[in-house]
Amino acid sequence: MFGEFTGSEGTDVPEPTVGSTVVVAADYFQSYSVVGLLAVVGVLFVAVAFGAGRLLRPVVPTPEKLLTYECGVDPVGEGWAHTQVRYYVYAFLYVIFAVDSIFLFPWATVFAAPGYGATTLVEMFIFLGFLAVGLLYAYKKGVLTWT
């Protein structure tokens, strides 16, 4: 049905059979069964930990325990509080520069490789130039002033 196939080295390749396909599929699914087993064990571990915590913890509800806790201050008034936008701007700038600093680590490893030194040095200065322009723009817009 399949005919003979001669490989590049002149050896005959045996004709495929149904049994060999089953063995390959069984090996394939057996490797995924280990992943599935580990997932089930992980879910069971978390479920047992939550269940044990629920069974072992003391449950003594008091009015003080049912109050909303906010940094040791008793809740008074409404729950809406205004937050300064500059906190978000500083957090956003921190995230941008923290994520961009991650790009320095692969650059440091490639910079030491022979043949890439000058190219990666120029590219890194271009990258740092873009960051400096962004920081200068934020400074010129008055975002970094704290008044």
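Being a predicted model, the structure only gives us computed values, none of them experimental. (Residues numbered from 1 in each chain as written. Predicted model: local features only at pLDDT ≥ 70, side-chain atom pairs only at ≥ 80, totals over all residues. Heavy atoms only, no water.)

Attention shifts here to the overall build of the chain. Check the secondary structure of the chain and you find four helices and zero strands. When the helices and strands of the chain are listed from N to C terminus, the series reads α-α-α-α. The long-range fraction of contacts in the chain, counting pairs at least 24 apart against all pairs at least 6 apart in sequence, stands at 43%. Carbon together with sulfur atoms contributes 72% to the accessible area of the chain, which is approximately 13,300 Å² in total. (Helix = DSSP H or I, 4+ residues; strand = E, 2+ residues; numbered from the N terminus. Contact = heavy atoms within 4.5 Å. Areas by Shrake-Rupley, 256 points an atom, 1.4 Å probe, with all protein chains shown as cover.)

A separate point is the packing of helix 2 (residues 85-102) against helix 3 (residues 104-111). At a closest axis distance of 4 Å, the pairing of helix 2 and helix 3 adopts a crossing angle of 25 degrees. Between helix 2 and helix 3, the crossing angle belongs to the class labelled roughly parallel. Counted together, Asp-100, Ser-101 and Ile-102 of helix 2 and Leu-104, Phe-105 and Pro-106 of helix 3 form the full contact between these two elements. For the contact of helix 2 with helix 3, the residue count by class is four nonpolar, one polar and one charged. (Axes fitted to C-alpha atoms, helices over the stretch in contact; angles between N-to-C directions. Parallel < 35°, antiparallel > 145°, perpendicular 65-115°, else oblique. Nonpolar A, V, L, I, M, F, W, Y, C, P; charged D, E, K, R; others polar.)

With that settled, the discussion passes to the packing of helix 3 against helix 4 (residues 117-140). It is the contact of helix 3 with helix 4, at a shortest axis distance of 9 Å, that shows an interaxial angle of 160 degrees. Considering the angle they form, helix 3 stands roughly antiparallel to helix 4. The two elements helix 3 and helix 4 meet at a crossing, and its hand is left-handed. Seen from helix 3, the contacting residues are Leu-104, Trp-107, Val-110 and Phe-111; seen from helix 4, they are Gly-117, Thr-120, Leu-121, Met-124 and Leu-128. Class assignment for the residues of the contact of helix 3 with helix 4 results in seven nonpolar, two polar and no charged. (Left-handed = near helix turned anticlockwise from the far one by under 90°.)

Mean pLDDT over the chain: 76, with 72% of residues reaching 70 or higher. The secondary-structure element of the chain with the lowest mean pLDDT is helix 3, recorded at 75, while helix 4 shows the highest, at 84. (pLDDT = per-residue confidence, 0-100.)

What follows concerns a nonpolar patch on the surface. A cluster of nonpolar residues, Tyr-28, Phe-29, Tyr-32 and Val-35, forms a patch on the protein surface that exposes about 480 Å² of accessible area. Structurally, Val-35 can be placed in helix 1 (residues 18-56). (Patch = residues over 30% accessible without salt bridge, like charges linked within 9 Å, V, L, I, M, F, W, Y side chains within 5 Å. Salt bridge = Lys/Arg side-chain N within 4 Å of Asp/Glu carboxyl O.)

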